[in-house]
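Structural features, examined
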Amino acid sequence: QIFVFFFFSSRRRHTRCREVSWARRCVQETGINAEYMGYQDIMRSIFFACILFALFACSFADKSKVLIVFAHQEPKSFVSSMRNLIFQTLVMKGHQVKTTNLVQQKMILPLDKTDFTELYDPSYFRPAVEQLMANKKNRTTFSQELRLEHDKVEWSDLVLFVFPYYCAYMPGIMKGWLERVFSYGFAYGEGHSLKGKKAMLFYSTGATPEQIAPIEKAFRESMNGLFYYMGMPMLQPFTAYGVSWKTNEERKAYLAEVERIAGDIDNRKPFTPQSLSLIHI
């Protein structure tokens, strides 16, 4: 109410004082000196700045926090272009975004003893047991590398996987990340904490849809099953087919679709599982 009073009273005074010296007339008619009027102007500016900030914050309050897990060896590749475009679009739309570049971070180690700073049972290495015991200790006995990745996953609402489709699956370095980061006691099993988060796949392949239909269907079903087991609904994946053989215009059309999806990622529909009965191996 004080701010509103300052604002409207100030406007009336400004109207009365337009034709003569502002300070002198205001002193004569209102008894309020120019310094006080300047103070009113400052307070009014702060008031409107607070309103604008509140509106700005509210407009982004419901945006999901996104982690992009990315794997490709070539920075100039189509997959890298997808990743860059997804990141830029999400930021422009007001999302908070973190990334994991598996190749750049050299996360090439397999799931082994080096994932832990101390072992629950040094005499016999059982990965699931070690992961569970480390998670029971608030992840303090995981390596620093894995603790950072756990923190990013825990922070996020949505995890996007961006990769090339190799040998009917994601690259081995990304599969290794899943084994090491989506650990027992964290992603699934006792005390798991990923329920309610979401996942999505963006990937490219050199094949046509007809060439890989059966194995791609099995891949999508298996990934959906994995995330479902962890309590993470999987959104409808995006696939760029035959990228190596497409024209520049066709590749641009793929990227335009990627931008459209990323720009409305919070409204992306979930993946709908289908029967695998038509798959013949």
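For the structure itself, look to the data block above.
Since we're looking at a predicted model, the values are computed, not measured.

1. Notes on the side chain of R220
As for its position among the elements, R220 is in helix α8 (residues 209-229). Look at R220 and you get buried, because its relative accessible area is 13%. Beyond its immediate sequence surroundings of up to four residues, R220 is in contact with Y203, M234, Q236, P237, F238, T239, Y241 and F271.

2. A few points about empty space enclosed by the protein
Rolled over the atoms, a probe as big as a water molecule pinpoints where empty space is left. Under the criterion given, the structure shown has one cavity of 30 Å³ or more. Within this model, the largest cavity holds a volume of roughly 40 Å³. E118, L119, Y120, E130, M133, A134, K137 and T141 together form the lining of the largest cavity. Within the lining of the largest cavity, the residues separate by chemical class into four nonpolar, one polar and three charged.

3. Structural notes on the sheet that holds strand β5 (residues 238-240)
Across the sheet, five strands lie side by side as β2-β1-β3-β4-β5; this open sheet has parallel pairing. On the outer flanks of this sheet lie β2 (97-101) and β5, each paired with one strand and no other. Within this sheet the neighbouring strands show an average axis-to-axis angle of 15°, counted without direction. Summarising the sheet, strand β4 (residues 198-204) and β5 pair through three bridges and their orientation is parallel. Note on β5: the bridge partner recorded for F202 is F238. Packed onto the sheet, helix α9 (residues 248-263) meets β4 and β5 and runs at close to 165° relative to β5.

4. Here we look at the pattern of salt bridges
All chains considered together, the criterion is met by 12 salt bridges. Of the charged contacts, one joins R139 and D151 as a salt bridge, the two residues approaching to 3.5 Å between their closest N and O atoms. Residue R139 is found in the loop between α5 (127-136) and α6 (144-155), and its partner D151 is found in helix α6; the two are separated by 12 residues along the sequence. Looking at D151, the relative accessible area reads 42%, which means it is partly exposed. As a salt-bridge pair, R180 and E145 come within 3.0 Å of each other at their nearest N and O atoms. Placement of R180 in helix α7 (residues 172-181) and of E145 in helix α6 is noted, with a sequence separation of 35 residues between them. Judged by relative accessible area, R180 falls into the buried class, the value being 2%. One salt-bridge network, in which partners are shared between bridges, spans D115, E145 and R180.

5. Some details on helix α4 (residues 78-92)
Here α4 spans 21 Å end to end across 15 residues, near enough to the 21 Å set by a 1.5 Å rise per residue. Of the positions making up α4, those classed as buried are F78, V79, S80, M82, R83, L85, I86, T89 and L90. Check the buried side of α4 and you find it contacts β1 (66-70), β2, β3 (158-164), β4, β5 and α9. G94, located one to two residues past α4, shows a positive phi value of around 95°.

6. As for α5
Along α5, the residues classified as buried are E130, Q131, L132, A134 and N135. Contacts from the buried residues of α5 go to α7. Just past α5, the residue N138 takes up positive phi, approximately 60°.

7. A short note on the packing of aromatic side chains
Each aromatic ring pair is specified by the distance between its two centres and by the angle formed by the two planes. Applying the stated criterion across every chain yields a total of 16 aromatic pairs. Feature note: the residues F163, Y165, Y169, Y203 and F219 constitute an aromatic cluster, connected by ring pairs. The residue whose ring lies beneath R83 is F87, and the NZ or CZ to ring-centre distance is 5.5 Å. Across from the ring centre of W155, 4.5 Å away, lies the NZ or CZ of K98, which sits over that ring.

Definitions and limits used
- Residues numbered from 1 in each chain as written.
- Predicted model: local features only at pLDDT ≥ 70, side-chain atom pairs only at ≥ 80, totals over all residues.
- Heavy atoms only, no water.
- Helix = DSSP H or I, 4+ residues; strand = E, 2+ residues; numbered from the N terminus.
- Buried < 20%, exposed > 50% of the residue type's maximum accessible area, 1.4 Å probe, protein only.
- Contact = heavy atoms within 4.5 Å.
- 1 Å grid on protein atoms, 1.4 Å probe; cavity = no way out; pocket = protein on both sides within 12 Å on 5 of 7 lines; lining within 4 Å.
- Points joined across faces, edges and corners; volume = space filled by probe spheres on them.
- Nonpolar A, V, L, I, M, F, W, Y, C, P; charged D, E, K, R; others polar.
- Pairing = 2+ DSSP bridges.
- Axes fitted to C-alpha atoms, helices over the stretch in contact; angles between N-to-C directions.
- Salt bridge = Lys/Arg side-chain N within 4 Å of Asp/Glu carboxyl O.
- Expected span 1.5 Å × (residues − 1).
- Phe/Tyr/Trp six-rings, centres within 6.5 Å; stacked < 30°, edge-to-face > 60°.
- Lys NZ or Arg CZ within 6 Å of the ring centre and 35° of its normal.

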